[in-house]
Amino acid sequence: MDSTLSVPKIIFLHDQAAFPLVRGIPLTFGRSHQGPDDHAQHVRLAHREMAAHHCQISFDGHQVVFAPLQIELPCYVDGQVISQAVIIDHGSVLTFGPFNIELDAPGQVVEPAVERESQAKVNTVGVVPLEDALTIGCGASCVVRLESEEFAEYPDGTLQVLIQKNEEGFRVTDKGSEPAWLNGQLFSSENLIIGDYLQIGTQSLRFDGRSLVGVERMLGGQLDAIRISKSYGDTQVLHAASFQAPPGGFIGILGPSGHGKTTLLKVVSGIERPQSGQVLINGIDLFDSLDYNRSLMGYVPQDDIVHGELTVWDALTYSAYLRLPDWTSPREIDKLIAKILHDLGLYRPDKNIDHTGKRLTELSGGQRKRVSVAVELLNRPQILFLDEPTSGLDPGMEFELMSTLRSLTQSGCTVICTTHVLENVFLMDSVAVIYQGHRVFQGDSARARTHFEVDRLSEVYTRLEEGRDRWIKAAYPPPEEKIPEARPVEEDQASAYKKSTIRAIRYLLSRHWAILRSDPKNLLLLFGQPIIVGLLITLAAAT
């Protein structure tokens with residue numbers, strides 16, 4: 001009997017949903033939208049009994065291993081509680097939270113795993129220019145072959161995707177017996193859109209509009225703010241404030257007005273420098289490689305950032321030409337804009353929703369804020385920052401916008417926003433509470449109620465005022481004393497985001513002309529003013 005498995009899978013017993021296991025890539029389960037590991041695949045189970053990262057199943061070609069990731073929440077194998085990783089075989093029933101799943105691995109023979117030296121996560125592919133048709137994967141028939149040691153054990157044709165050019169751009173089709181993943185999801189065939197992430201085995205690739213580029217990280221970015229202190233003159237606004245944002249999480253920075261939320265957001269987004277402390281983006285120091293890290297971010301300020309005289313589509317088109325690489329084609333830009341507007345609920349032909357031709361001044365406050373978010377999503381950022389995005393919105397619009405931000409994390413984007421409104425905090429994976437410049441808590445909303453000893457989150461601010469010194473002294477969890485060493489950014493990464501200044505000026509002038517044309521009265525006044533002034537001067541001289 002063969003001692004290895006071809007494609008084992010796990011099956012949810014309540015609906016028979018099946019997920020194949022890929023050799024060398026763990027499959028994690030939890031309430032979060034992103035797994036704890038850069039190269040793990042993740043199944044989100046939005047249930048209150050699930051931890052953000054609850055448990056994990058891995059397959060090395062010889063055996064399947066099930067491991068709990070949270071010791072506080074029990075996991076079971078065939079009814080027996082486990083506290084550490086165990087080997088499971090065909091027919092094993094796994095239970096975690098309210099879910100029961102079964103391992104389907106017929107013919108499995110459990111053997112001791114062969115010890116292998118740990119391999120660094122190195123991209124085997126640099127840049128793959130896309131042509132009319134090409135294949136990427138393992139095997140002699142592939143135009144682009146994955147030949148590093150980590151792919152050596154895959155049989156010929158096991159991992160293989162086909163990229164074809166069509167009228168809409170490029171289409172990717174999974175042709176292998178073991179699955180590839182697109183933006184963290186299983187797929188059969190899909191059109192590629194700028195910023196899409198394709199994972200073949202352990203190889204991650206990002207589509208930039210004309211080629212596939214090997215990258216280290218899939219989807220959302222990791223942010224670590226460590227003991228941030230910030231002063232303006234003699235006034236200290238932040239006091240050694242720390243917080244973390246995992247990849248693909250929805251993180252809220254909460255606190256009363258004037259207590260340092262916006263200042264902290266400006267520091268971690270690179271707008272302002274702290275007096276002390278460190279900010280790491282995917283392990284890279286933010287301010288040591290500021291231009292590169294900013295290319296991974298989007299920032300939506302409290303006030304609208306889009307010209308009200310432009311239509312929604314024109315505003316995004318001009319912004320795309322200013323933000324995306326110079327060689328990006330109009331067709332790829334149109335596809336990207338259509339996707340973003342669809343995701344944000346501004347363009348849904350199936351529901352007769354189309355705001356693309358409306359001027360910004362014709363939209364509601366919530367819709368204008370979504371357009372501002374859309375502008376920042378054009379470069380498909382790993383991290384999106386928002387400062388008080390629901391300010392000035394009524395409760396209904398506020399909930400709708402926060403739900404939209406929640407949905408953005410499904411594509412892997414890490415979302416971090418400040419707010420002083422607590423009604424919709426339950427939509428967030430984690431909240432960091434800032435009080436008098438101190439980070440006094442970070443955790444989910446349920447733990448916040450327990451920590452602050454309140455029944456409703458709306459009572460938190462009152463509790464903070466009742467015992468100021470208590471909460472500052474008992475900051476939870478305590479800030480890290482040791483600052484980790486940041487890794488350097490690769491030189492080719494740092495230089496990949498330069499744009500043509502001449503091209504940018506051309507599109508800025510074109511946008512300004514579009515703004516002028518949108519108001520005929522002002523345009524007439526602009527051109528008529530010199531004539532009128534000239535006539536008045538001539539008349540005065542003659543008189």
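The structure presented is a predicted model; accordingly, all values stated were derived computationally and were not measured.

(A) Molecular detail of the overall build of the protein chain. Scanning the protein chain from N- to C-terminus turns up 12 helices and 34 strands. Expressed as a percentage of its 543 residues, the buried residues of the protein chain come to 51%. Here the analysis covers contacts within the protein chain between residues at least 6 apart in sequence; of these, 59% occur between residues at least 24 apart. Working note: accessible area of the protein chain is about 25800 Å², and carbon and sulfur atoms make up 51% of it.

(B) Summary view of the sheet that holds strand β18 (residues 185-186). Strands sit in the order β12-β22-β21-β20-β17-β18 across an open sheet of 6 strands; the sheet is antiparallel. Two strands in the sheet have a free side with no partner beyond their single neighbour: β12 (127-129) and β18. For strand β20 (residues 197-200) and strand β21 (residues 203-207), the ladder comprises 4 bridges, and the chain directions are antiparallel. Along β21, the bridge assignment pairs Gln199 with Ser204.

(C) Highlighting the sheet that holds strand β10 (residues 93-96). With respect to topology, 6 strands assemble into an open sheet ordered β2-β1-β11-β10-β7-β8, the strand pairing being antiparallel. Only two strands of the sheet have a single partner each, and these edge strands are β2 (18-20) and β8 (80-82). On average, each strand axis in the sheet is inclined to that of its neighbour by 30°, with strand direction left out of account. One ladder, built from 4 bridges, connects strand β1 (residues 9-12) with strand β11 (residues 99-104); its direction is antiparallel. By the bridge assignment, Ile10 is partnered in β11 with Leu103.

(D) Geometry of unusual backbone geometry. Despite not being glycine, Asn352 shows a phi value in the positive range, around 55°. Following the sequence through the fold, Asn352 ends up in the loop between β29 (347-348) and β30 (353-354). A positive phi angle is found at Glu388, which is not glycine, with a value near 45°. Tracing the sequence through the fold places Glu388 in the loop between β31 (383-387) and α6 (395-408).

(E) Layout of the pattern of salt bridges. Tallied over the entire structure, the rule returns 11 salt bridges. Among the salt bridges present, the one from Arg323 reaches Glu376, with a minimum N-O distance of 2.8 Å. Separated by 53 residues along the polypeptide, Arg323 in helix α3 (residues 312-323) and Glu376 in helix α5 (residues 365-376) bring together distant segments of the chain. Taking the relative accessible area as the measure of exposure, Arg323 reaches 34% and is therefore partly exposed. Judged by relative accessible area, Glu376 falls into the buried class, the value being 6%. Glu400 serves as the salt-bridge partner of Arg370, at 2.7 Å between the closest nitrogen and oxygen.

(F) Local environment of empty space enclosed by the protein. Under the definition given, this model contains 2 cavities of 30 Å³ or more. Of the voids in this model, the largest cavity is the one considered here, and its volume is about 60 Å³. What lines the largest cavity is Leu254, Leu422, Val425, Val431, Val433, Ala448, Leu457, Val460 and Tyr461. Elements represented by at least two residues in the lining of the largest cavity include exactly β33 (430-435) and α8 (460-466). The volume enclosed by the second largest cavity comes to roughly 40 Å³. In this structure, the second largest cavity is lined by Thr390, Glu398, Met402, Thr419, Val421, Asn424, Val425 and Met428.

(G) Expanded view of the environment of Arg227. Mapped onto the elements of the fold, Arg227 is located in strand β23 (residues 223-232). Residue classification places Arg227 among the partly exposed positions, given a relative accessible area of 26%. As a C-alpha pair, Arg227 and Ser242 span 15 residues in sequence and 4.9 Å in three-dimensional space.

(H) Seen up close, the pairing of β1. Note that β1 and β2 share 3 bridges and pair antiparallel. Paired with Ile11 across the strands is Ala18, a residue of β2.

(I) The arrangement of the packing of α3 against α5 in detail. Remark: α3 packs on α5, axes separated minimally by 9 Å, with the N-to-C direction vectors making an angle of 25°. Classed by the angle they form, the pair α3 and α5 counts as roughly parallel. Of the two possible hands of crossing, α3 and α5 adopt the one that is right-handed. Mapping the contact onto sequence places Val312, Leu316, Ser319 and Arg323 in α3 and Val371, Ala374, Val375 and Glu376 in α5.

(J) Looking closely at the packing of α3 against helix α4 (residues 330-343). Direction vectors running N to C along α3 and α4 enclose 125°, while the axes themselves pass 10 Å from each other. Taken together, the axes of α3 and α4 lie oblique to each other. Handedness of the α3/α4 crossing: right-handed. Only Pro330, Ile333, Asp334, Ile337, Ala338 and Leu341 of α4 make contact with α3, whose side of the interface consists of Val312, Trp313, Leu316, Thr317, Ala320 and Tyr321. Grouping the constituent residues of the contact of α3 with α4 by class yields 10 nonpolar, 1 polar and 1 charged.

(K) View of helix α1 (residues 261-268). Of all the 8 residues making up α1, 6 are buried; the element is thus mostly covered by neighbouring parts of the structure. Turning to α1, its buried residues are Lys261, Thr263, Leu264, Leu265, Val267 and Val268. Looking at the residues trailing α1, positive phi occurs at Gly270, about 85°.

(L) Expanded view of the nonpolar core. Counting 54 residues, the largest nonpolar core has Phe452 and Leu464 as the members making the most contacts within it. No other element matches α3, which puts 6 residues into this core. Beyond its immediate sequence surroundings of up to four residues, Leu464 is in contact with Val433, Tyr435, Val440, Phe452 and Trp471. Counting residues in each nonpolar core, the second largest holds 27 residues, with Leu238, Ile284, Tyr299 and Ile416 among its members.

Each value, and the rule that gives it
Residues numbered from 1 in each chain as written. Predicted model: local features only at pLDDT ≥ 70, side-chain atom pairs only at ≥ 80, totals over all residues. Heavy atoms only, no water. Helix = DSSP H or I, 4+ residues; strand = E, 2+ residues; numbered from the N terminus. Buried < 20%, exposed > 50% of the residue type's maximum accessible area, 1.4 Å probe, protein only. Contact = heavy atoms within 4.5 Å. Areas by Shrake-Rupley, 256 points an atom, 1.4 Å probe, with all protein chains shown as cover. Pairing = 2+ DSSP bridges. Axes fitted to C-alpha atoms, helices over the stretch in contact; angles between N-to-C directions. Salt bridge = Lys/Arg side-chain N within 4 Å of Asp/Glu carboxyl O. 1 Å grid on protein atoms, 1.4 Å probe; cavity = no way out; pocket = protein on both sides within 12 Å on 5 of 7 lines; lining within 4 Å. Points joined across faces, edges and corners; volume = space filled by probe spheres on them. Parallel < 35°, antiparallel > 145°, perpendicular 65-115°, else oblique. Left-handed = near helix turned anticlockwise from the far one by under 90°. Nonpolar A, V, L, I, M, F, W, Y, C, P; charged D, E, K, R; others polar. Core = buried A, V, L, I, M, F, W, Y, C linked by side-chain atoms within 4.5 Å.

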